[in-house]
Structure formats: C-alpha cells, structure tokens
Amino acid sequence: MSAWKKLLWIGVAALGTWAVAVLALSRGEKISALWIVIAGFCAFSISYRFYSKWLATKVLVLNEERATPAVLRNDNKDYVPTNRWMVFGHHFAAIAGPGPLVGPVLAAQFGFLPGTLWILIGATLGGGVHDMIVLFASIRRGGKTLGQMVKEEIGRGVGLLALVSVLAIMIILLAVLALVVVQALAQSPWGVFTIAVTIPIALIMGIALRTGKVSVLAVTIFGLLGLAFGVWGGQFLGHFPAIEAWFHQDQKWLAWAIMTYGLAASILPVWMLLTPRDYLSTFLKLGTVAMLAVAVVLINPTLQMPAITKFIDGSGLVFAGPVFPFVFITIACGAVSGFHSLIASGTTPKMIRRESRIRSIGYGAMVTEMMVALMAMIAACVLEPGEYFAINTKGTPAEVVAKISAVGFPVTEQEMQTLATNLGESTMFNRAGGAPTFAVGMAHMFSRVSAKPTTLALWYHFAIMFEALFILTTIDAGTRVGRFLLQDVLGQLWRPLGNTRSWSANFLASFLLVAAWGWFLYQGVIDPLGGINSLWPLFGIANQLLSVIALCLGTTLLIKMHKAKYIFVTLVPLGFMCAVTFSAGYLKVFSPDPRLGFLSGARSLLDHSSTVPDAVKAAELARQAGVWRFDALVAAFFLVLVAAIVLGCARQWWQLIRGDKGIVLHENEFVPITPAELAQF
C-alpha cells in the first residue's frame, strides 16, 4: 500500500474516531445527525476494506479456481449463475426487512448512543462475520441449508433441534412483522387505502406478464403509477365518508385481514401475487433508502433525543428492560441477525458465480444494512422526545401526556393533535410498533423541501406504505417458505402431506402455519401493553438464538479446516450473543417486574382480575395472563433448545481440537474451473 493510501486510511480512521467521540461525549447540547452518518461511513469503509479482506484471504481462503454450486449444478431453476449486482440486490432485499427500521426506532428510548454503538460494532465484527461464514459454508457444501449443515457437521440430533428452532422462529418472526403492520395502519384510512390499492395492482401486473402480450417496461410503469396513486389519492377519502368507512378499521379487523392475505398469498400461484409484489417492493425500497440517505446529508437534521436517557435502567415507556441486554436483542437486523443465516444458506449460495463474491455479498450487504439501521435511528431521534414517547406509549391521551411530561419530556395533547392533523391522521397516540415513528421522522426530513401544508402528510403516508408494503412482501414470502418447511415435517408423518403439488396438502400446511403466527399476532393486538412489549423481545430472543446456532456452525467448520487459531472471529461474537441472549431470555421469563417478566406479568394480571367488578373484563385479564404464561413457555423452550445445541457443539470442539481432526474433502467437493469459464463470470 502506497504512503498516500496509508495516510488516507489513517484519516478515515481518525474521522470515524472523532465522530464516535462527539456522539459519546455530548451531554446536554444538541448535535448534528451527520455525525452518525460519518461514523457509519467510516466504519463501513474500514471494516470492508481491511477486516472482510482478511477474512476472505487468511481465514476462509476463498479460491477463484473452485467452481461454485451455481456453475456445477446449473439447472435454470434453483441453481443459476447470476450477475453479481443482481445477487447483491436479492441478498440485501432479503436480509434487510423491517428489522433494521423497527429495531433501532424502539431502542431509541435508551438514547441515540447505545443503539448507534451496537449497530456499528455488532455489524462490523459480528453480523458481517456471521453472514459471510454461513454463505461460505453453504457454497462449499453444494448450497445446503443451515439445518442440513448443522445435522451433517455437528450431529443428527442437533440438526433436528435446529430444524425445529428454524420453524418456531419463523412463526414468531411472521407474527411480529404482521403486528408492526397492524399497529401502523390501525385507524388510518389513508394508510389502509394505499396498501389495499397495491393488491389489485400486483394481480393485474402478474396476469399481464403471464399472458406474454405486455412488456415488462409497460407493466413496471403501470405499477409505479399505481403506487403513486395509492399515496396521493388517499388524502381525498375524507370527501367520501362512505368509502372512507371501508378503510377506517381497528387492529382486530386488520389482524384478520392480514391473516387472510397471508393464506391467499401462500396458496395462489407465485406469478399471480408474490412475484409482482416483490418487484414493486424492490423499486420502492431501494429508491426510498437512497432518498433518505441524501436527505440526511443535505438537510443536516439535529438530534433531539439525548445521547442516553434515564430509561437505561429498564423503566422504559416504549418497552420494559434495561439497556443491557435488551438493546442487543431489540436491534437484531442491522447488527447481528440469525434470520440472515437462512438467506445465506438458502437462495443466495445457489446464484453466486465466483467465490470472491462471498466477500462483497456476505459481508458487504450486512454493512450496507448497518447504514439503513443508522438512518432509522436518525429518523427516530430527530423527533422531539415528547412526541416520540407519546406515539409509542399506551394509554389514554391524558394519561400518556401526564406520564411522559412527568419523566422530563414535556408534550401536550394539543401538540399531538396538531401533529396528527398535519399528518392527515385522526390521532397519533397509541401508535406503538416503531413503524409510525419511523414514518413521522422520515416525513419531517423529506417535507423540508416544500412549504405546502400537505407535504408532511404525503410523505408520512408514503413512508407508511413503504414499510407496510415491504413487510407484507416478507410476510407472504415467509409464509410460503414456512409452508415448505412444515410440509417437509408433515411429510415424515404421512407422505401425501409433503406433496407440494397437491392443492389440499398446500392448503392444510398454509392454514396451520397462518394459524400459528396468526395466534401470536392476535394476542399481540389484544395485549393491554400493546403487544410489541412482549412479542418484539420474544422475536429478538428467538432471532438471536438462531445466530448462536449459525456461529456454532462457523466455529465448528473453522476447527475442522485446521483454522483453530482463527476461531476467535466466530467465538467472540458467539460468546457475546450467548451472554446477552440467555440473560435477556432469563429476564423475560423470571423477572419480578410485571412489565418485563412473563410469569410476574401473568401473576399481576390475575391479581388485578380478582379486583375488577366487570366479569367480562376480569375474564379477559385472566385470558391474557394465560397468554403471557404461554409466552414464558415458548421463551424457555427456545433457551433450552439452543443451550443443548451449544453444549453439543462445545463437546465436539473439544474432541476435534484434542484429536486434531480436519475436514475430509471428497474429490467431487473441489472442481476446478477453467480460465475460459472464469472469464465468463
């Protein structure tokens, strides 16, 4: 490396260090959100340039002469050599769901500093390694899934536990994603209208493309115009009260509607609804993220949220729990996320043409998602803290205002009503879930480019549609993938149930899966604490436990490859994730705080039900107590399951290191690729 390049990288490191110092040492004064962007950009640049290259060349030893599964098994169906930018786009869109948007927004109650530091450190030293090594392992093993690799590399019993974990985690994941959509759209006719419009648009697009008589360009233009109409046309619903009533629905109605949609999307042909909605979502997501990045740089907003709030002690108004360990499970996607291992061992390894792309796709997409998470943190923290907490706190307007003002973040009902009016909403109270807060922050930044009074409302509903459309795409795709997993399990009991070509088998599996995540969704909707208080930590725990499984696999493979001296790259994040996830799980189950612990919360609800004179309300409280006990059982099940996997892995590591057993490469596991073939890719 030349002297001027060394000076350049020293300058980047110094700038990043200065940005983090400004963020960490600020106390009382307002600072620019650009410091977060600068810190993120410097961390992105240095980690990708040096750490990911070291991983690729020294630890994993990527080999350009080794043919990938996409080249060896090219079947034009599952294994297809694909352009690297298209693979990057697919992988990034698949891993960067609503997690990097919702998690940082919720964690903003601790202040902007804890979440920002975890995103920067977690993504570069944990998440990037996690994604990269799972992608590498899958490519070296013919594109096998995480469950298959765990079963073959660690043991059949552990592999079965991993399969059960994946299916259970997917159920929790889909329930939480659906809850975010419900809470964002409840009592919002404009928002529901924009989402409802996308369904017939997608159906028309799918049918038009299926006929082969309409070009992709024409269908794309039609879809984008339809999206624009969905955002713009919703503002006129107030002129048509009868039509507006169709879209003015509560959370329970929306929960049933989303369950029905998920069932239909899982059963209908993929070309009819799933594919066109994915296509629309890709344009919307990439375009919106790019606009948000430009807006932060040009507008240079000021962070209104303090660096650290008093809620780090666990008394948070958005969700209960101390900053350690709950900031680490609240912000999963964007830092370290076990869900990424499903993608890195799913479709992506079957599309990569050259092993060198593992670095740019596995590590590069993760640190790109880190930037998205940082922008979500900015969107939440540029709001006035009183408004932020009022949006995310449950209770009547008077109770919420009094509670928030009492803790030092003054806000009035009139201010919240003015905000709702400017956004085109009837109220902004009781809008927990993260999505509405992100939309408000995003709208505040985008609306500065125009002085028109309707601009804020237009951008708010655009942001709501952006989040909800993408989350719904994740829900329908996830339900379809979950149906395949469930049919694999059911097929072991009775072979006809595993036939994916059977309409009745597909319907039964889809119904069972939707019923499973729909049950959690409905319990979250009717939860007196807003659902997100219990479901998001449960999702975070399950998701991070999946990352523990993936890092266990990575550590095992490094030992088998005679790379034991490098196992710290997986063992350090593994140890940290075990510490935070198991401690968070223990607190969620056994904490004496009824707002935090499932069991103590259930006891509190039962005690309260005995003092309520209304028999109906008392029965509802008792039923909710039963739900919280079930949540405790689910969390304990996850913890025991993954603890068994970790112990099984540790036992094998000891045996491997003592016996110095290396991986056995069969002849067909290394197929050299010719220079002529390599030139094509």
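Here the structure is shown first, and the text comes after it.
None of the values given here were measured: they were computed from a predicted structure.

Once that is clear, we can look at the overall build of the protein chain. Tallying secondary structure elements over the protein chain gives 27 helices and zero strands in all. Taking all 681 residues of the protein chain together, the buried fraction comes to 57%. Accessible area for the protein chain stands at about 27,300 Å²; split by element, carbon and sulfur atoms hold 68% of it.

What follows covers the state of the cysteines. Evaluated as defined, the whole model comprises zero disulfides. Cys552 supplies the cysteine sulfur nearest to Cys649, a cysteine that is in no disulfide, at a spacing of 4.1 Å.

Before going further, it helps to spend a moment on the pattern of salt bridges. For the structure shown, the criterion picks out six salt bridges. A salt bridge links Glu152 to Lys144, with the shortest nitrogen-to-oxygen separation between them at 2.8 Å. When the shortest N-O distance is used, the salt bridge between Glu153 and Lys560 registers 2.9 Å. Pair noted here: Glu153 is in helix H7 (residues 146-153) and Lys560 is in helix H23 (residues 532-560), with a separation of 407 residues, a long-range link. A cluster of three or more residues bridged by salt bridges with shared partners is formed by Arg66, Arg140 and Glu355.

Moving on: a nonpolar patch on the surface. Taken together, the side chains of Phe229, Trp232, Phe236, Phe240, Ile243 and Trp246 define a hydrophobic patch exposed on the protein surface, amounting to about 670 Å² of accessible area. For the nonpolar patch, the secondary-structure elements that each account for two or more residues are helix H10 (216-233) and helix H11 (241-247). For Trp232, a relative accessible area of 48% corresponds to the partly exposed category.

Reading the values: rules and limits
Residues numbered from 1 in each chain as written. Predicted model: local features only at pLDDT ≥ 70, side-chain atom pairs only at ≥ 80, totals over all residues. Heavy atoms only, no water. Helix = DSSP H or I, 4+ residues; strand = E, 2+ residues; numbered from the N terminus. Buried < 20%, exposed > 50% of the residue type's maximum accessible area, 1.4 Å probe, protein only. Areas by Shrake-Rupley, 256 points an atom, 1.4 Å probe, with all protein chains shown as cover. Disulfide = S-S within 2.5 Å. Salt bridge = Lys/Arg side-chain N within 4 Å of Asp/Glu carboxyl O. Patch = residues over 30% accessible without salt bridge, like charges linked within 9 Å, V, L, I, M, F, W, Y side chains within 5 Å.

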